[in-house]
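Observations on chain architecture
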Amino acid sequence: MREVQVLSQRKAAEILSLLLGHRYSHETLSALTDQVLEAAGAFRTRLLPEEMAFVYLDGLSLKVFREGEGIVRESVYVALGIAPDGERRVLGFWLLPTESALGWEGVLGELWQRGLRRVLLFITDGLPGLPEAIRRVYPQAEWQRCVVHGVRWSLSQVRARDRALLAEDLRRVYGAESREEALGALEEVKAAWGSRYPGVVGLWVQDSGAFLRFYGYPKVLWPYLRSTNLMERFIREVRRGTKVRDHKFPKEEAVYKLLYLESERQEGRWAERKLKGFSEVKEVLEKMLQERYAPRTQTLTHNS
């Protein structure tokens, strides 16, 4: 019978020592981890600002050891917010069996209950049902579908010999100087590729509004808004910082401890350097939020 390998206490000590910047003994670590778990719980339930200009939703998969079940894959849901001044904040992380629109709706409901009431734009991948989940909890927010995910999927559906040409044509769509120019480029994609790859072209035409939503925001922010790359960089840092790519966690608590420590580390770094370009358009974003939510007071209550 194959031995089940989980993240040992000694390995956990090495990881926590790395993250905390100091070497701890096994005994000290045992006491310290209780404090870390308590801090992680406070971090995950802390009150949030009432508004965020942009919120990214994405996740990663980790192996967790469950008593009686062995090693199972769990989905870590992550929400990352960007304030109008460019300050980044980890809004929360959640561990659920699988990624689904229903799971995300519960996450969004928790963000609402913790105080986040106004968002301009959610940036996500194309998970079925996710846009509807966003609208149910934040009906006045807009949705941007990640262009990079869309391109990756599209290229996976076509012949190898066509990938470079199609990639270039799609780049003219999301790389255009205006939404009108982008729609013109999309018509060219439709004419050139529609008969050969109707499913691929149909995706871009049907979801053109979501793919091109970023054009409704200041140009300096377009690189941040048309994809989830900012979130994916954070997730890469989480994986690198925790050193757990090839390890299994003994239980969910270990996941929350390590995610908390890495989130705290990242937020400390972000506090020293806000995202470029936001200082130029901070007042514009604040005005957009005011106008978006001024017509009526959002009265939705979510009990998730």
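Use the structure listed above.
Now for a look at the structure at hand. (Residues numbered from 1 in each chain as written. Predicted model: local features only at pLDDT ≥ 70, side-chain atom pairs only at ≥ 80, totals over all residues. Heavy atoms only, no water.)

Taken as a whole and judged by the stated rule, the model has 15 aromatic pairs. Geometrically, the ring pair formed by Phe43 and Phe93 is stacked, given 5.9 Å between the ring centres and 25° between the ring planes. One end of the pair, Phe43, is in helix 2 (residues 26-45); the other, Phe93, is in strand 3 (residues 88-96), with 50 residues separating them in the sequence. Both residues of the pair, Phe43 and Phe93, count as buried. Relative to Phe211, the ring of Trp204 lies with its centre 4.1 Å away and its plane at 15°, an arrangement referred to as stacked. Overall, Phe211 belongs to the buried group, its relative accessible area being 1%. Put simply, the rings of Phe43, Phe93, Tyr256 and Tyr260 pair up and form one aromatic cluster. Looking at Arg117, its charged tip hangs above the ring of Trp112, at a distance of 4.3 Å from the centre. (Phe/Tyr/Trp six-rings, centres within 6.5 Å; stacked < 30°, edge-to-face > 60°. Helix = DSSP H or I, 4+ residues; strand = E, 2+ residues; numbered from the N terminus. Buried < 20%, exposed > 50% of the residue type's maximum accessible area, 1.4 Å probe, protein only. Lys NZ or Arg CZ within 6 Å of the ring centre and 35° of its normal.)

With that settled, consider the side chain of Asp162. By the element assignment, Asp162 lies in the loop between helix 5 (147-156) and helix 6 (163-174). Assessed through its relative accessible area of 7%, Asp162 is described here as buried. For Asp162, the contacting residues outside a window of four places in its chain are Trp193, Arg196 and Tyr197. (Contact = heavy atoms within 4.5 Å.)

By themselves these figures say nothing about function.
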